[in-house]
Protein chains: 2
Amino acid sequence: MELDDRKMKILTAVIKNYLETGEPVGSRTISKYTDLNLSSATIRNEMADLVEMGYILQPHTSAGRIPSDKGYRLYVDRMMAEMTTQMDEKNKEVEELKGLLIEKEEKMDAMLKQVARSLAVNTNYASMISAPSVSGSKLKFIQLSRVDANQLVAVVVLEGNIIKNNMIRVAEELDDETLLKLNILLNTHLNGLPIESINLGLIASLKQQAGIHSDIVGDVIDAVAESIQEDEDLEIYTSGANNIFKYPELADGQKASEIISTFEEKQMLTTLVQNTLANEERTGIQVYIGDEMQDSSMKDCSIVTATYELGDGMKGTLGIIGPKRMDYEKVVGTLKKLMRQLEEVRKT
Amino acid sequence: MELDDRKMKILTAVIKNYLETGEPVGSRTISKYTDLNLSSATIRNEMADLVEMGYILQPHTSAGRIPSDKGYRLYVDRMMAEMTTQMDEKNKEVEELKGLLIEKEEKMDAMLKQVARSLAVNTNYASMISAPSVSGSKLKFIQLSRVDANQLVAVVVLEGNIIKNNMIRVAEELDDETLLKLNILLNTHLNGLPIESINLGLIASLKQQAGIHSDIVGDVIDAVAESIQEDEDLEIYTSGANNIFKYPELADGQKASEIISTFEEKQMLTTLVQNTLANEERTGIQVYIGDEMQDSSMKDCSIVTATYELGDGMKGTLGIIGPKRMDYEKVVGTLKKLMRQLEEVRKT
DNA sequence: TATTAGCACTCCAATCAAATGAGTGCTAAC
DNA sequence: GTTAGCACTCATTTGATTGGAGTGCTAATA
């Protein structure tokens, strides 16, 4: 059987209607809703075909139809394709979301929290944002200072002015001169390097040059590596978890509990973010529908993710978690705008 | 009317039973449950009195009784008093909670998250912990370094090895010598000072001594102050929010949504923490029952908080949020143990 | 051949009455 | 002061009934 134009129109109508109401859609409704001028009986025949083809489902014998994951997928893919062709809508709506303006924030985490929050408030869905991965970013500055007899603090500044630090405990006390030498050694060899390029070979070479202090250099490099790595296991901020209660299909006790839990654990979100960053493609926007995510607690949800870039190869992901029947157009639009705004921020 | 011994026993029996079952308790149940050897009829008479006195409630005419906030309050107060007298229970149960062992963590926030999590897992209630307030703590070390032409990074280490940092933008470029002088100036005047003592007078005096660079000193001090203040607006970590779904009286959509929301916003928790820190008393443990909190979303909850101290005047609060009928004894015991453990941590 | 009107049928959801049973309050007896 | 006994209350459960939305199928129509 073939998905001809008419079937497509009916499918779209079913989905759109279901997105609005959340109730199964009957043939009569479609008959009026569309401009096809077909009777409900004809629609029924077509809908029976669509069920057979797997695009819609019938909760029970005498009920209307609801979209299946496959149906949503088709719909979303078409929408995404359309959106990229008619890019003029970009200008049209740019003003619209005032609440989404991002204030310049000195502290990265404060900014991310703010973005997550405003995203949740504006869309009425739950939201998340991952801190930008620093991989690919370059070392800008390293400073080793003595705090007291056997404690040092290592401060590392990356491009994009991300500051990391770490305490280092040293067995033997270091005098000022040695400390100075170490600082010079570290800075001359490491500044400007992308953090990936700090590998074992380089560390060995540094240790050698440090002579009698090779142990300390080892410790220091470890500490530096650790401080960089620190939230390379993707810090994720979430907001608006309670929004899921606005959608009856998620608000049921059992489901809600699972979703909240998944949300809190963040493990699942982390893998999703990694997934998104790995799969990045044309628009940078990806949609996961129901079972397309591994996690069973998300089987009644959809997640829309977007990759943002702050320059210097610092990429992160932001996303919306909502019911399958979420307003994909609005969400995708909002995310696109936010992506653009985040990319502006780096210029300031 | 007077709350004699027998009434007290009956009240306690009602509460204990209700804590377990969550169902209204009838006279017949009490008649068997206690060793009073009284018939249900007598119990009924007494319970009628207890209702009149406000310690228990009757959801509707022909139902059993449930404890009122006043009843809970009496029960909790008595329990707390008992617990402080028979402190031997301390030894008895110390082994019991294996999962509660706190691993030494270099990073404060990682440790706090871990504590919150283990608290939630062990109790089956939601949990929270506030980062220790640094007020009262002393400055240990300040370092100002140039990252590039017009950006400095200020690193501040407080006692307890809390590290804070902040970027500073300067209009005019500073040469190495000036920077060195500034560092010396800051360290000689500020090291060892409790952070509260950095007031306007001191700043003015520093500015004066900085001579032509007084503007910069102002900026720097501001940055330092800001970085210290940063999470003085009480960072709070929460965990186990989904546990509320385990208690039917909270799992209903509307209520759950409000609670989750309150939990996420953290505003209410912040004021609670401040409250707790301000009111600290004998044991350091406080119980808030239902309406004793301002927030209406918490009207069906109780919160038990404990104040921990990491030395150096660094105090924080940890707590448990659950239904009113939570297992107060267990919760208080667990919190006490955790307090002790946290206080051990500082010694390592 | 594609479309449509018509009709019997299905199934959910809402409504209602009756039955159930836990628990009370009160009174009279012990 | 305590208790047995009894009538009464009220939430909850159960089952039967109904209404209506929606389907599938068939026969008539264009």
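For the structure itself, consult the block above.
Since this is a predicted model, take the numbers as computed values, not measurements. (Residues numbered from 1 in each chain as written. Chains lettered and ligands numbered in written order. Predicted model: local features only at pLDDT ≥ 70, side-chain atom pairs only at ≥ 80, totals over all residues. Heavy atoms only, no water.)

Caption draft 1: Looking closely at the protein's contact with DNA strand C. Close to DNA strand C lie 21 residues, the nearest being R6(A), T42(A), T61(A), S62(A) and S27(B). If you look at DNA strand C and keep only atoms within 4 Å of the protein, 78% of those are sugar or phosphate atoms. The separation between a sugar or linking oxygen of DNA strand C and a polar side-chain atom of H60(A) is 3.5 Å. A distance of 2.7 Å is found between a base oxygen of DNA strand C and a side-chain nitrogen or oxygen belonging to S62(A). Elements that contribute at least two residues to the surface near DNA strand C include exactly α3 (40-53) of chain A together with α3 (40-53) of chain B. (Near = heavy atom within 4 Å. Polar contact = N/O pair within 3.5 Å; in protein donor to acceptor, adjacent residues only side chain to side chain. Helix = DSSP H or I, 4+ residues; strand = E, 2+ residues; numbered from the N terminus.)

Caption draft 2: Quick peek at the packing of aromatic side chains. Residue and element names in this part refer to chain A. As enumerated under the stated definition, the model contains 5 aromatic pairs over all chains in all. Ring geometry for Y72 versus Y328: centroids 6.2 Å apart, planes at 55°, classification tilted. Here the residue Y72 occupies a position in helix α4 (residues 69-85), and Y328 occupies one in helix α13 (residues 328-345), the gap between them amounting to 256 residues. Over the ring of Y55 we find K70; its NZ or CZ atom is 4.6 Å from the centre of that ring. (Phe/Tyr/Trp six-rings, centres within 6.5 Å; stacked < 30°, edge-to-face > 60°. Lys NZ or Arg CZ within 6 Å of the ring centre and 35° of its normal.)

Caption draft 3: Examining the pairing of strand β8 (residues 285-289) of chain A more closely. All names here are of chain A. The buried fraction of β8 is high, at 5 of 5 residues. Side chains I285, V287 and I289 of β8 all project onto a buried face; the interleaved residues Q286 and Y288 project onto the opposite face, where all are buried too. With 5 bridges connecting them, β8 and strand β9 (residues 301-309) associate as antiparallel partners. Residue pairing in the sheet places V287 in a bridge with V304 of β9. (Buried < 20%, exposed > 50% of the residue type's maximum accessible area, 1.4 Å probe, protein only. Pairing = 2+ DSSP bridges.)

Caption draft 4: Local environment of helix α1 (residues 5-21) of chain B. Residue and element names in this part refer to chain B. The terminal C-alpha atoms of α1, which comprises 17 residues, lie 24 Å apart, in line with the 24 Å expected from a rise of 1.5 Å per residue. Those residues of α1 not exposed but buried are K7, M8, I10, L11, A13, V14, I15, N17, Y18 and L19. Check the buried side of α1 and you find it contacts α2 (27-33), α3, β1 (56-57), β2 (66-67), α4 (69-85) and α13 (328-345). G22 sits one or two positions beyond α1 and adopts a positive phi of about 80°. (Expected span 1.5 Å × (residues − 1). Contact = heavy atoms within 4.5 Å.)

Caption draft 5: Structural detail: the layout of surface pockets. The volume enclosed by the second largest pocket comes to roughly 890 Å³. Sorting the residues of the lining of the second largest pocket by element identifies β4 (139-148) and α7 (176-190) of chain A together with β4 (139-148) and α7 (176-190) of chain B as the ones contributing at least two each. The biggest single contributor to the lining of the second largest pocket is β4(A), with 8 residues. A class-by-class count of the residues in the lining of the second largest pocket yields 14 nonpolar, 8 polar and 6 charged. (1 Å grid on protein atoms, 1.4 Å probe; cavity = no way out; pocket = protein on both sides within 12 Å on 5 of 7 lines; lining within 4 Å. Points joined across faces, edges and corners; volume = space filled by probe spheres on them. Nonpolar A, V, L, I, M, F, W, Y, C, P; charged D, E, K, R; others polar.)

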